[in-house]
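Report on the structure
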Amino acid sequence: MKKMMIPKSPRKPEHENRLRPHIPVARIAYTAFLCVMMSMMFCQPAFAATDVWTKAKEIMQDVYNQILLISTVAAIVTASVALLMMNFSRSGKTVDESRAWLKRICITWIILNGLGFIMAYITPFFSDGKWTG
């Protein structure tokens, strides 16, 4: 058997092997359109928001109400424990400590509620830094 020689094709230069870059203009335009529409969809209009001070006031009132709710429940639970210890204890020292804790709990709860009273009823008299009463 005879070997057959297969002629080799001449090599093309490297720059001829590359294809011309194809820029998909329609795809780029569609992507740009989608980006603009998505950014408009995710932006909230400026007129829907309130000013910073009104929002801060709402947040502070909400936080204060939550603190007051939690402190009221905690005061009731701890005061009931102090009352139980005061009524069912045989030691005079425990009764005195329970009475002292009950006083502290009541004073703290009154102060927390008093802050709300001051903020709700007294501060409107001092609006804009002047007495309006």
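Treat the numbers as computed from the prediction; the structure is a model and nothing was measured. (Residues numbered from 1 in each chain as written. Predicted model: local features only at pLDDT ≥ 70, side-chain atom pairs only at ≥ 80, totals over all residues. Heavy atoms only, no water.)

**A few points about the overall build of the protein**
Helix and strand counts for the protein come out as four helices and zero strands. When the helices and strands of the protein are placed in sequence order, the string is α-α-α-α. Expressed as a percentage of its 133 residues, the buried residues of the protein come to 8%. Of the roughly 12,800 Å² of accessible surface on the protein, 69% is carried by carbon and sulfur atoms. (Helix = DSSP H or I, 4+ residues; strand = E, 2+ residues; numbered from the N terminus. Buried < 20%, exposed > 50% of the residue type's maximum accessible area, 1.4 Å probe, protein only. Areas by Shrake-Rupley, 256 points an atom, 1.4 Å probe, with all protein chains shown as cover.)

**Observations regarding the pattern of salt bridges**
As a working rule, side chains carrying opposite charge can pair if their charged atoms are close by. Inspection of every chain in the model, using the stated rule, returns two salt bridges. When the shortest N-O distance is used, the salt bridge between K55 and E58 registers 3.7 Å. In this pair, K55 and E58 are both assigned in helix 3 (residues 52-88), three residues apart and thus about one turn of the helix distant. Look at E58 and you get partly exposed, because its relative accessible area is 40%. (Salt bridge = Lys/Arg side-chain N within 4 Å of Asp/Glu carboxyl O.)

**Brief notes about the packing of aromatic side chains**
One pass over the structure, following the stated rule, counts one aromatic pair. Here R104 stacks its cationic end above the ring of W101, 4.9 Å away from the centre of that ring. (Phe/Tyr/Trp six-rings, centres within 6.5 Å; stacked < 30°, edge-to-face > 60°. Lys NZ or Arg CZ within 6 Å of the ring centre and 35° of its normal.)

**Considering the UniProt feature "transmembrane region" (unreviewed entry) in the protein**
In the numbering adopted here, UniProt assigns the feature "transmembrane region" (unreviewed entry) to residues 64-85 and 106-126. The span residues 64-85 shows a helical share of 100% and a strand share of 0%, and its end C-alpha atoms are spaced 31 Å apart. Between the end C-alpha atoms of residues 106-126 the distance is 29 Å, and the span holds 81% helix and 0% strand. (UniProt positions renumbered as here; feature names shortened; annotations may be inferred.)

**Topic: helix 4 (residues 92-122)**
A rise of 1.5 Å per residue sets the reference length of helix 4, with its 31 residues, at 45 Å; its end C-alpha atoms lie 43 Å apart and thus fit the reference within 8%. If you check which residues of helix 4 are buried, you get V95, S98, L102, I105 and G116. Taking the backbone nitrogen of K93 as reference, a side-chain oxygen 3.3 Å away marks S91 as the first, capping residue of helix 4. (Expected span 1.5 Å × (residues − 1). Polar contact = N/O pair within 3.5 Å; in protein donor to acceptor, adjacent residues only side chain to side chain.)

**Things to note about the packing of helix 3 against helix 4**
Viewed as axis vectors pointing N to C, helix 3 and helix 4 meet at an angle of 160 degrees, and their least axial separation amounts to 9 Å. Classed by the angle they form, the pair helix 3 and helix 4 counts as roughly antiparallel. Crossing geometry of helix 3 relative to helix 4 is assigned as left-handed. Listed contacts from helix 4 to Y64, L68, S71, T72, A75, T78, A79, A82, L83, M85 and M86 of helix 3 are T94, V95, S98, R99, L102, I105, W109, L112, N113, L115 and G116. Here the contact of helix 3 with helix 4 is composed, by residue class, of 14 nonpolar, seven polar and one charged. (Axes fitted to C-alpha atoms, helices over the stretch in contact; angles between N-to-C directions. Parallel < 35°, antiparallel > 145°, perpendicular 65-115°, else oblique. Left-handed = near helix turned anticlockwise from the far one by under 90°. Contact = heavy atoms within 4.5 Å. Nonpolar A, V, L, I, M, F, W, Y, C, P; charged D, E, K, R; others polar.)

**Examining the environment of S98**
Within the secondary structure layout, S98 lies in helix 4. For the pair S98 and A82, spaced 16 residues apart in sequence, the C-alpha to C-alpha distance is 5.0 Å. Not counting residues up to four positions away in its chain, the partners in contact with S98 are A82, M85 and M86. Polar contacts involving the side chain of S98 include one to the main-chain carbonyl oxygen of T94, which spans 2.8 Å.

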